[in-house]
Amino acid sequence: SVFVSRPLTEMSAIAKSMAQGDFSKKAAIHTQDEIGELAQSLNLMSEEIKDKIGKVASERTKLDLVLSSMFEGVIVTDDKEKIILMNPSLRKIFLVDTNPEGKKPIEVIRNTAVQDIVDRIVQGRQGLATEEITVNIPEEKILKVNGVPIVRNNEFEGAILVFHDITELRRLEQIRQDFVANVSHELRTPISSIKG
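Bear in mind that the values here come from a model prediction, so they are computed numbers and not experimental data. (Residues numbered from 1 in each chain as written. Predicted model: local features only at pLDDT ≥ 70, side-chain atom pairs only at ≥ 80, totals over all residues. Heavy atoms only, no water.)

A. Representation of a nonpolar patch on the surface within the structure. There is a patch of nonpolar side chains on the surface, built from Phe179, Val180, Val183 and Leu187 and spanning about 350 Å² of accessible area. In this structure, Leu187 sits in helix H6 (residues 167-195). Judged by relative accessible area, Leu187 falls into the partly exposed class, the value being 45%. (Patch = residues over 30% accessible without salt bridge, like charges linked within 9 Å, V, L, I, M, F, W, Y side chains within 5 Å. Areas by Shrake-Rupley, 256 points an atom, 1.4 Å probe, with all protein chains shown as cover. Salt bridge = Lys/Arg side-chain N within 4 Å of Asp/Glu carboxyl O. Helix = DSSP H or I, 4+ residues; strand = E, 2+ residues; numbered from the N terminus. Buried < 20%, exposed > 50% of the residue type's maximum accessible area, 1.4 Å probe, protein only.)

B. Local environment of unusual backbone geometry. Of note in this structure, Leu95 is not a glycine but carries a positive phi near 55 degrees. You can see Leu95 is positioned in the loop between helix H3 (88-93) and helix H4 (105-109). In this structure, Asn154 is a non-glycine residue whose phi angle is positive, near 60 degrees. With respect to the helices and strands, the residue Asn154 is situated in the loop between strand E4 (141-152) and strand E5 (155-165).

C. Just the pattern of salt bridges, in detail. Inspection of the entire model under this criterion finds 12 salt bridges. Where Asp79 meets Lys80, a salt bridge forms, and the shortest distance between an N and an O atom there is 3.7 Å. Arg120 is paired through a salt bridge with Glu131; the nearest N and O atoms lie 3.2 Å apart. Note that Arg120 is positioned in helix H5 (residues 112-124) and Glu131 in strand E3 (residues 129-135), a separation of 11 residues in sequence. With a relative accessible area of 26%, Arg120 lands in the partly exposed category. Judged by relative accessible area, which is 25%, Glu131 ranks as partly exposed. When salt bridges with common partners are traced through the structure, they connect Asp116, Arg120 and Glu131 into a single cluster.

See the structure below:
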């Protein structure tokens, strides 16, 4: 009885340690019976879980690196419209200095247009939402926002919005329009003279 209960108590303690993230302990394999097989299975499971956690952490690090080096702003919400992720570029655009996770976009960036895009995607399951918005603080910026739903295994999981700063593009378009308007105006007088 002690030969059975002691290894089981030991394995129970190891399983509790694993549940708390400690994979350093290994179950001792004293016998080749069912108890020994259970100990071996526990050790194999511990190694597999440790390996999978390592891979997930590595992928998360890569994702964080990509998102933090992106010039575009990115925000990801869950299916309840709560922020899961906001990259540094977007935090900078909207002057976000607190942790945005778990809050709705309107609570963090105080922009109704952005919240409206998230609402349309999450509530209406809209495929693609595109809009131009203007941000006035700390300086005026024009942003093109593209939002799409996150769907995995036919299950709706949330929304992802990408923000492109098109301020310079719009400024150059305005300069071009002003130039064309000025040239047209300047050419009117000589053309009228020629006609005369």
